[in-house]
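Reading the structure
Here's the letter readout for the chains.
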Amino acid sequence: MSFDVERVRKDFPIFEREVNGHPLVYLDSANTSQKPVQVLDVMRAHQERYNGNVSRSVHTLGTESTEAYEGARARIATFIGAASPDEVVFTKNSTEAINLAAHSLGQMLRLGPGDEVVISEMEHHSNLVPWQLLCERTGATLRWFGISDDGRLDESNLDELVTERTKIVSLVHMSNVLGTVNDVTRIAARARSAGALLMLDCSQSVPHLPLDVQALGADLIAFTGHKMLGPTGIGVLWGRLDLLAQMPPFLAGGSMIETVTMAGTTFAPPPARFEAGTPPITEAIGLGAAVDYLTGLGMAAIHEHEQTITRYALDALSSVPGVRIFGPATIEGRGGTVSFGVDGVHPHDVGQILDALGVEVRVGHHCARPVCSRFSVPAMTRASFYLYTTTAEIDALARGLDQVRKVFG
Amino acid sequence: MLLDGLYQEIILDHYKNPHGRGLRDPFDGEAHHVNPTCGDEITVRVSADLGDISYDGLGCSISQASASVLHELLEGKDPAAASEIHHAFVELMQSRGQVEPDEEVLGDGIAFAGVAKFPARVKCALLPWMAFKDAAARAGVDVGVSPEVKA
Ligand SMILES: Cc1ncc(COP(=O)(O)O)c(C=O)c1O
């Protein structure tokens, strides 16, 4: 069965609205995705009929709520190929997942002077600042991979960067600016032989690509629900169970303990150890529904659709005079996020004129300032696609760019 | 089009042909401001008598045109006059389009009245003015208290 984008769009009520008198053309899914009714309905039904706190009550509502929450965890585990639901830790978002990992690993590894953490110039600030701060706290040294001119990870100095001093390597799996999908096979092998842990920021890859954590070669990954049809306020840290079992807690409080006395506390096994306090229950259940929706359509089919759209968009954009694309110019090893510049026009102005035409793109440094610096620009305009994006929307973007050139011509 | 209020001819003219752009020496006070959400940057230099105001920056048409208008309006003014204009501009930008600008005071600055209706762009327009205020303070010139700047 071929992928029917028009049928998919009917599941997303937001596409019925207009923006500034034009049909909504939403090209900002890398920022946050839109939500299908299937997710919205499940969340509403939960609040209306099953609401209770989880893991704390013997009563019926508490039991039903716990079942729904743990059921979502199990389905998310299956979705990413985890060995067990216990490998899925619910967090607030990717950012919290990465901060959890940075704090907990820093303590577990007793990170200190002489130790090294390796990241890349391609990171979102979420996978950059937590490691910078960890290094400042512990005296460890932060090092990083560069970016090549065509927007790929520069692995040419892999052997000098990842050495026996390296304790943690943390990299973006798919860049939120350049769209690059990093093949981490070589880096994973090098990290393993150096005895370093590998974390991947999968915020942009889990929503868009079929992904299997067993095959990926990482020890930990982070992703965020709102970029994959789920609500805000829910994210995931996945980790190998034997690793999670060794990691100390990050936030402390209710639900993460085994026993507490005034003299001391022992901690629950993962994932509960890392889920202090009442979690975002409805949001976790919503993310479970999102994963069901994505699974129903098939991640391979979704990816194929996005590749088609991306190829179309790369063609369309490169035929607009004065447009420069940052990142891989072909669809090989890239996903459906395309950043570009319009000669002589600041991205803010591009974004403003497109918005007047109902075309919603993101402008700015995309929380990845070093990526902009790498290409010597203060900001970029970014169009990003998802399972509901159509070629007609790409045409609207191209027409909008003609208008931009008229205003600033 | 909806954008006519934002991209007035006057703004586009200042953007394409900025007045007084480029940093000059000597100066008595300098300030560098950035807009962390969008990465726009500006550096403003002033002499203690406001006889020379120079600037350089990276940014959208609104922030760059605003710097050009600032240069045109404030260079060579005495501190009291500069304060009055500064105050009027900041107030206009925070009016959400509810204040009728006074051309006598604001000159080409009145073209920014439309920008006040686009909350996301008000910061762009104010960036050079806030940098100017800091640079002037460092040069020992007090342009007075502006209305509180809200993001
Ligand atoms: C690559 C990448 N990492 C991390 C994040 C942070 O996600 P969140 O803000 O949901 O924590 C994002 C999105 O903003 C992203 O694109």
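The rules behind each value
- Residues numbered from 1 in each chain as written.
- Chains lettered and ligands numbered in written order.
- Predicted model: local features only at pLDDT ≥ 70, side-chain atom pairs only at ≥ 80, totals over all residues.
- Helix = DSSP H or I, 4+ residues; strand = E, 2+ residues; numbered from the N terminus.
- Rg over C-alpha atoms; globule rule 2.2 N^0.38 Å.
- Buried ≥ 20, exposed ≤ 12 C-beta atoms within 10 Å, placed from the backbone.
- Contact = placed C-beta atoms within 7 Å.
- Pairing = 2+ DSSP bridges.
- UniProt positions renumbered as here; feature names shortened; annotations may be inferred.
- Near = placed C-beta within 6 Å.
- Nonpolar A, V, L, I, M, F, W, Y, C, P; charged D, E, K, R; others polar.
- Axes fitted to C-alpha atoms, helices over the stretch in contact; angles between N-to-C directions.
- Parallel < 35°, antiparallel > 145°, perpendicular 65-115°, else oblique.
- Left-handed = near helix turned anticlockwise from the far one by under 90°.
- Expected span 1.5 Å × (residues − 1).
- Domains from an automatic or database assignment.
- Core = buried A, V, L, I, M, F, W, Y, C linked by C-beta atoms within 7 Å.

Here's the deal with the overall build of chain B
Within chain B one finds 5 helices and 3 strands. Relative to its length of 151 residues, chain B is compact, with a C-alpha radius of gyration of 14 Å against a globular reference of 15 Å. If one aligns the C-alpha atoms of chain B with their principal axes, the spans along those axes are about 45 × 25 × 25 Å. In chain B, buried positions account for 42% of the 151 residues. Excluding contacts between residues fewer than 6 apart, the proportion of contacts in chain B whose partners are at least 24 apart in sequence is 62%.

Details of the environment of Ala131 of chain B
In this fold, Ala131 of chain B is placed in helix H5 (residues 119–138). Setting aside residues no more than four positions away along its own chain, Ala131 of chain B makes contact with Ala31, His32, His33, Ile42 and Val44 of chain B.

With respect to the pairing of strand S9 (residues 197–201) of chain A
Residue and element names in this part refer to chain A. In terms of burial, S9 is a largely internal element, 5 of the 5 residues being buried. Burial along S9 is two-sided: the face carrying Leu197, Met199 and Asp201 and the face carrying Leu198 and Leu200 are both buried. By the bridge criterion, 5 bridges tie strand S8 (residues 166–172) to S9 in an arrangement that is parallel. The residue bridging Val172 from the neighbouring strand is Asp201, located in S9.

Thoughts on the UniProt feature "domain: Aminotransferase class V" (unreviewed entry) in chain A
Mapped onto this numbering, the UniProt entry annotates "domain: Aminotransferase class V" (unreviewed entry) at residues 25–397 of chain A. Secondary structure content for residues 25–397 of chain A is 38% helix and 19% strand, and the end C-alpha separation is 8 Å.

Overview of the site of the ligand
Around the ligand sit 14 residues, and of these Asn93, Thr95, His124, Asn176 and Thr224 of chain A come closest. Of the residues belonging to the shell around the ligand, the class tally is 2 nonpolar, 11 polar and 1 charged.

Observations regarding unusual backbone geometry
Omega for the peptide link from Pro270 of chain A to Pro271 of chain A comes to 0°, which places this bond in the cis form. Structurally, Pro271 of chain A is set in the loop between strand S13 (264–267) and helix H10 (281–297). Following Asp25 of chain B, the chain continues into Pro26 of chain B via a peptide bond in cis, with omega recorded as -10°. For Pro26 of chain B, the location among the structural elements is in the loop between helix H1 (9–16) and strand S1 (29–35). Phi is positive for Ser255 of chain A, close to 75°, though the residue is something other than glycine. You can see Ser255 of chain A is positioned in the loop between helix H9 (241–246) and strand S12 (257–261). Phi angles above zero are rare outside glycine, and Ser376 of chain A is one such case at about 55°.

What about the packing of helix H2 (residues 61–74) of chain B against H5 of chain B?
Angle between the axes and distance between the axes: these two values describe a pair of packed helices. All names here are of chain B. Closest axis-to-axis distance for the H2/H5 pair is 8 Å, and the angle between their directions is 40°. Regarding the angle of H2 to H5, the classification is oblique. The interaxial crossing formed by H2 with H5 has right-handed handedness. For the pair formed by H2 and H5, the contact residues are Ile62, Ser63, Ser66, Ala67, Leu70 and Leu74 on the first element and Arg121, Cys124, Ala125, Leu127, Pro128, Trp129 and Phe132 on the second.

Quick look at H5 of chain B
Counted at 1.5 Å a residue, the expected span for H5 of chain B with its 20 residues is 28 Å, and the 29 Å between its end C-alpha atoms agrees. Once H5 of chain B finishes, Gly140 of chain B follows within two positions and takes phi at roughly 85°, a positive value.

Let's talk about the sheet that holds S9 of chain A
Residue and element names in this part refer to chain A. Judged by pairing direction, the sheet is mixed, and its 8 strands sit side by side in the order S4-S11-S10-S9-S8-S5-S6-S7 without closing on themselves. Lying at the two open borders of the sheet, with one neighbouring strand each, are strand S4 (88–91) and strand S7 (153–154). Two strands pair when backbone bridges link them, and S4 and strand S11 (residues 235–239) are joined in this way by 4 bridges, in the antiparallel orientation. Opposite Phe90, over in S11, you have Val236 as the bridge partner. Sitting on the sheet, helix H4 (residues 94–108) is in contact with S4, S8, S9, strand S10 (220–224) and S11, with an inclination near 40° to S11. Together, S8 and S9 form the strand contacts of helix H7 (residues 185–194), whose direction differs from that of S8 by roughly 165°.

Remarks on the domain arrangement of chain A
One widely used convention gives an interface's size as the accessible area the parts lose upon coming together. Residue and element names in this part refer to chain A. Domains assigned within chain A are domain 1 (5–30 + 298–408) and domain 2 (40–295). Relative placement of domain 1 and domain 2: their C-alpha centres are 28 Å apart. Secondary structure elements with two or more residues in the side of domain 1 that touches domain 2: helix H11 (299–318), strand S15 (337–342), helix H13 (369–374) and strand S18 (380–384). Tallying contributions element by element places H11 first for the side of domain 1 that touches domain 2, with 5 residues. Classifying every residue of the side of domain 1 that touches domain 2 gives 12 nonpolar, 8 polar and 4 charged.

Side note on the sheet that holds strand S3 (residues 53–58) of chain B
In sheet architecture, strand pairing relies on hydrogen bonds along the backbone and comes in two forms, parallel and antiparallel. All names here are of chain B. The antiparallel open sheet is built from 3 strands, whose spatial order is S1-S2-S3. Since the sheet does not close on itself, it has two edges, and those belong to S1 and S3, each with one partner. Neighbouring strand axes in the sheet, compared pairwise and without regard to direction, differ in orientation by 10° on average. In terms of strand pairing, strand S2 (residues 40–46) meets S3 through 6 bridges, oriented antiparallel.

As for the nonpolar core
Counting 119 residues, the largest nonpolar core has Ile221 and Leu237 of chain A as the members making the most contacts within it. Top element by residues in this core is H10 of chain A. It accounts for 9 residues. Each of two domains, domain 1 (5–30 + 298–408) and domain 2 (40–295) of chain A, supplies a minimum of three residues to this core. Apart from residues no more than four positions distant in its own chain, Leu237 of chain A is found in contact with Val89, Thr91, Ala97, Leu100, Ala101, Leu220, Ala222 and Phe274 of chain A. Counting 41 residues, the second-largest nonpolar core is a separate cluster that includes Ile53, Leu70, Met93 and Trp129 of chain B.

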